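# Chains, contacts and geometry: an overview
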Amino acid sequence: MIFQNARLIFPDGIRDGLEVVVENGKIAAIAEPGHAHAKEVDGSPPGSPPGSPPSRAAHLRRSAPAGFVLDLHGNYLAPGFIDLHVHGALGRDAMEASAEGFQAACDYHASGGTTSLLLATATAPLDSIADVLSAIRECCCSIKQIAGVHVEGPFISKAKCGAQRAEFIENPSRASVQQLLDYADVIKRITIAPELRGAFEAIENFHTHGISVSGGHSDAWDEEAQEGFARGMRSVTHSFNCMSSARRRGIYRVGGLLEFALSEPRISCELIADGHHVSETLMKMLYRAKGPRGICLVTDATAGAGLPDKSQFSLFGRDCVVEDGVCLLADHSALAGSASRMIDLVRTMVMKVNVPLHEAVMMATENPARAVGFEAKGCLKVDADADLVVLSPELEVLRTFSSGQEVFSH
């Protein structure tokens, strides 16, 4: 398959005059149009010299079957979006441990340009979480968009639990950590409040096993956040939401998890840029503090995503409702995740925060891929997975491809 006449979005800018050649689910070439003398590039930023010899792309162009050349009519072509924090959509929740529910969520989020996602668990008894992990392990091969699991709870703070069920919160113990490590092959990220008893050892253990540790749902003081970082915490979960910030301790003012994350360059910050969870001013502050490489856009979409306004749904036993484009607990006491897709977040960053399009796309692609170690995703370069999204000038998703296979068409 050859994608022609597109504006390609790279991390450092947007480039015209290139086509993308896909073979066997991978990007085989990125080249200037033509035949035998076409020049190929390696996904480098605009202005970089071509990187690979022309023969491969020319051969693929000549051998492509009729109908496998797609004219994108000047629309944008970007890497597929990677969402590190998805609970569900269309009334379905990951905690159902249902392949049908997983597929429904993936299909909905593909309409927002998402080609890889981490299904997020909710705070629950560990045996229930283990059931979800087992179900996802069985589905990873058949549902390609599932890239793993984000375990959100039960190792969180009761003071910052948000919509999570406080009765199931617990401190990490050697046994509970080991129960989750039995699923280290599918867990890609875990949210932990670093101030909990046993949290530092747990953070170190998960980090050692290659699991991205994110501080969140936390009431930590600055030094507790620093120690979490020293043990391997490299991210924070939904920045500004359910997170400690600067406050007085005695007569002195001390930072919290938020300020530590803003000040530490090696911390990656999740951001729910849906226009509800975080105000424009706070989003601009995060962008100024972290720069374009320090933010990972996440939807934190719950089962209310994709449902009509006023729809009711459940978040592991909590009654919730969709109102004015966001999900709330039914009693309106707290937010209950978002109703957004990744494209909605990208659009918010561009239109409300004034972030350049290529940087907003980087926050939805390269940054999350780097945060959890997905080396073949989140970029337009030779040998990367052919996870692609076609965007209109108005930033609407027109088509989504996962490993070269179309999974959504407008």
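Please refer to the structure higher up on the page.
Residues numbered from 1 in each chain as written. Predicted model: local features only at pLDDT ≥ 70, side-chain atom pairs only at ≥ 80, totals over all residues. Heavy atoms only, no water.

### Regarding helix α2 (residues 99–110)
Each full turn of the α-helix corresponds to 3.6 residues, which orients residues three or four apart in the same direction. As a reminder of what qualifies: Helix and strand definitions here come from DSSP, where helices need a minimum of 4 consecutive H or I residues and strands a minimum of 2 consecutive E residues; each element is numbered from the N-terminal end. Expected helix span is taken as 1.5 Å per residue step, with the number of steps being one fewer than the number of residues. Throughout, exposure labels follow a simple rule: accessible area from a 1.4 Å probe, protein chains only, divided by the maximum for the residue type, with under 20% read as buried, over 50% as exposed, and the rest as partly exposed. What qualifies as a polar contact is a pair of N or O atoms within 3.5 Å, subject to a donor-acceptor requirement within protein and to the restriction that residues adjacent in sequence count only when both atoms come from side chains.
If you check α2, its first and last C-alpha atoms are 16 Å apart, about what 12 residues at 1.5 Å a residue would give, namely 16 Å. Among all positions in α2, only G101, F102, A104, A105, C106, Y108, H109 and A110 are buried. Taking the backbone nitrogen of E100 as reference, a side-chain oxygen 3.2 Å away marks S98 as the first, capping residue of α2.

### Re the packing of helix α5 (residues 199–208) against helix α6 (residues 222–231)
Note the following rule: Lines fitted to C-alpha atoms define the axes here, with helix axes fitted over just the stretch in contact, and angles between the N-to-C directions of these axes take values from 0 to 180 degrees. Angle categories are assigned with fixed cut-offs, so that under 35 degrees is roughly parallel, over 145 is roughly antiparallel, 65 to 115 is roughly perpendicular, and the rest are oblique. By definition, turning the near helix anticlockwise from the far helix through less than a right angle yields a left-handed crossing, and turning it clockwise yields a right-handed one. For this analysis, residues touch if any pair of their heavy atoms sits within 4.5 Å. Residue classes follow a fixed rule: Ala, Val, Leu, Ile, Met, Phe, Trp, Tyr, Cys and Pro count as nonpolar, while Asp, Glu, Lys and Arg count as charged, and any other residue, Gly among them, counts as polar.
Orientation of α5 relative to α6, taken along the N-to-C sense of each, is 30°, at an axis distance of 8 Å. Considering their axes alone, α5 and α6 lie roughly parallel with respect to each other. Considering how the two elements wind past one another, α5 and α6 form a crossing that is right-handed. Where α5 abuts α6, its residues F200, E201, I203, E204 and H207 lie against E224, E227, G228 and R231. Among the residues making up the contact of α5 with α6, the classes are represented as 2 nonpolar, 2 polar and 5 charged.

### A closer look at the sheet that holds strand β18 (residues 295–297)
For clarity, the threshold we go by: Two strands are said to pair when DSSP picks up at least two bridges between them.
Judged by pairing direction, the sheet is parallel, and its 8 strands sit side by side in the order β7-β10-β11-β12-β13-β14-β17-β18 without closing on themselves. A strand with exactly one partner marks an edge of an open sheet, and here the two such strands are β7 (81–86) and β18. The sheet shows a mean angle of 30° between the axes of neighbouring strands, taken without regard to direction. In this structure, strand β12 (residues 187–192) lies alongside strand β13 (residues 212–215), joined through 4 bridges in parallel fashion. For I190, the partnering residue across the bridge sits in β13 and is V213. On top of the sheet, helix α10 (residues 357–364) reaches β7 and β18; it is set at about 75° to β18, its chief contact.

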